[in-house]
Amino acid sequence: MKRELTEIEIVAIGDELLSGATIDLNAAVIARTLEPLGLRVTRKTTVGDVPEAIAAAVETALQRAGAAITTGGLGPTQDDVTMEAVAGVFGRGVEFRKDLWQALEARWARRGRAIPESNRKQVEVPAGAEVFPNPRGTAPGLAVEDDRLGICVLLPGPPHEMENILRDSVAPYLGRRVGSGARRPFRRIVRTAGIAESAIAERVGDRLADLAVDVAFLPEVDCNDIRLTAWGENEDETSGALDEAVDRVRRILGSHIYAEEEIELAEAVGVLLRERGLTVAVAESCTAGLIAGRLTEPAGASDYLWGGMVVYDDKAKVELLGVSEDTLARHGAVSEETVREMAEGACRRSGADAVIAVTGIAGPTGGTDEKPVGTVWLAVRLGASTVTALRHYPGTRDMVRMRAAQGGLDLLRRTVLEELR
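Residues numbered from 1 in each chain as written. Predicted model: local features only at pLDDT ≥ 70, side-chain atom pairs only at ≥ 80, totals over all residues. Heavy atoms only, no water.

Asks: How would you summarise the overall build of the chain if you had to cite specific residues and measurements?
Replies: From N to C terminus, the chain includes 14 helices and 17 strands. Over its C-alpha atoms the chain spans a radius of gyration of 28 Å, topping by over 25% the 22 Å that the globule rule assigns to 421 residues. Principal-axis analysis of the C-alpha atoms places the extent of the chain at approximately 85 × 55 × 40 Å. Out of the 421 residues in the chain, the part that is buried amounts to 50%. (Helix = DSSP H or I, 4+ residues; strand = E, 2+ residues; numbered from the N terminus. Rg over C-alpha atoms; globule rule 2.2 N^0.38 Å. Buried < 20%, exposed > 50% of the residue type's maximum accessible area, 1.4 Å probe, protein only.)

Encoded structure:
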C-alpha cells in the first residue's frame, strides 16, 4: 500500500551552491508547485557533491517527512554522484538503461552529432526507479520508492530543466500520493506602503492569534506585505478565518494598506487616477525618472500620465520648472521650499491635475549633519494645494532611490484619497 504524503523535504546538491557561485532558484519553484497539492515543504538542506553527505541528507529527510526531492548532481561528470548516493540509501545498485541511452543517441543524431560517451553516466539509474522524461536536457528525472523508507524524487539542477519535469511529471506523480483529506494552503495578501515591518508587527501583534491563520510579514526594499495563510481541504473551510483576519488587519493598518491583491503600488495609483479621471506629471531630481518609469509599467498608462521632467541639476530646476534661484541659494536643492516650487512649476508646465515632485540625497556622498544621506523631500500638487513630506530613507543609493519613488507614489495615493473624503 502506497503511503499518503503530507510533507516533503528538499535536498539541494552542489558545491557551487555552498560556495555562493550559484544561487538556488529551484526550492521556491518546488514549494509553490507542491503546496497546492497538499504537500508542504517543511525543510531544505544544501550539501556539496559528496556521496556521504547526500546520502545522509536524503536518509534524514525520509525519516522526518517520508518524502524527499533532490536537485542537482545528475550530470555526466565525475562530481555528479546523486544517483549512486540515493541508490545506496534504498539499498539498490544502479543499472544501465539501454532504452534511455538509445533515446539520447537518437536526439543527438537529429542534431547531426554523436553523443559523448560520458553521457552514459546519466542513464545509469537506481534499480527500479521510475523515469521522467527531460526534453530540455540529457539527465532524466527519477523517483525511487520504498514502502518502508518513502519516496525520493531526483531532479536535475538547471532551473529550465527542473521546472519542466516538475510541472509535467513530478507534480502529477506526487499528487497521486497525497491523501484525499490533505490540507492545502489558501492565502490572502495585504500590501502596505509608508509603514515599516517592525511597526506592522507591533500593531498587529497577537491580535490574530485566536484565528487558525498563519501570519507572515514580507519585507521588501520599498514596501512591506502581510501574507495570511489558512490550511484546509477546500476554500470554503478557510474563507471565514481569512475574511476575519483581513478585516482585522484592515482596521489596524487603515490607510497604510493600498491593495489586497498582488498588485504594485504604481499600478494601484494608476487605477485610482483612471477611476477619478485625473492626470499626473512628475518632477524628479534624485529618483531621475524612476517614478515615471514605474507609472508606465502597466499598459494604458497614457490614460493618466502626462509625462515627466528629470531636473537633476539645479539649472534644470530653474529653467524647466521655474524654481527660484533665491530659494536654492537660501534653502538648498533638498528642502521643502524647493520641492514645493518644483511641484508648482511642473503643474504650470504640464497642466496636469496632479504632480509628484521629489528631491533628495541618495548618497553615498553629499550628505551633511543637517541633511544626511537618505534625506528626501516629497511633494504632491493636487488642484490648488501642495502637500509636502520629509522622509529619511536608510540603505544604499539604489535603496534610497527606490524608497523615494515609492514614497512619492504613496503620497499621491493618500492625497487623492484624502481629497475624496
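Asks: Tell me about the sheet that holds strand β6 (residues 130–132), and please be specific about residues and values.
Replies: In space, the six strands of this open sheet follow the order β2-β1-β3-β8-β7-β6, with mixed pairing throughout. Looking along the sheet, the strands with just one partner apiece sit at the ends: β2 (40–47) and β6. Across the sheet, the axes of successive neighbouring strands diverge by a mean angle of 20°, strand direction being ignored. In terms of strand pairing, β6 meets strand β7 (residues 141–146) through three bridges, oriented antiparallel. When the bridges of β7 are listed, Glu130 appears paired with Ala143. Packed onto the sheet, helix α6 (residues 159–175) meets β1 (7–13), β3 (67–71), β6, β7 and β8 (150–155) and runs at close to 160° relative to β8. (Pairing = 2+ DSSP bridges. Axes fitted to C-alpha atoms, helices over the stretch in contact; angles between N-to-C directions. Contact = heavy atoms within 4.5 Å.)

Asks: Requested: an account of the nonpolar core, with residues and values cited.
Replies: One recurring pattern in soluble globular proteins: nonpolar side chains tend to sit buried together. Grouped together as the largest cluster of nonpolar side chains are 37 residues, with contacts concentrated most on Val280, Ile291, Leu295, Ile356, Leu409 and Leu412. Elements with a contribution of two residues or more to this core: β12 (257–259), α9 (265–276), β13 (280–284), α10 (290–295), β15 (354–360), β16 (375–382) and α14 (397–420). With seven residues, α14 is the largest single contributor of residues to this core. For Val280, the residues in contact, after removing those within four places along its chain, are Leu273, Leu295, Tyr304, Leu305, Trp306, Gly307, Ala352, Ala354, Val355, Ile356 and Leu412. Of all hydrophobic cores here, the second largest spans 31 residues; its members include Val11, Ala68, Ala85 and Val89. (Core = buried A, V, L, I, M, F, W, Y, C linked by side-chain atoms within 4.5 Å.)

Asks: Summarise unusual backbone geometry; cite the residues concerned and give the values.
Replies: Of note, the amide linkage connecting Gly363 to Pro364 takes the cis form, showing an omega dihedral of 5°. The backbone phi angle of Ala288 is positive, close to 45°, even though this residue is not glycine. Residue position: Ala288 is located in the loop between β13 and α10. Under the relative-accessibility criterion, Ala288 is labelled partly exposed at 34%.

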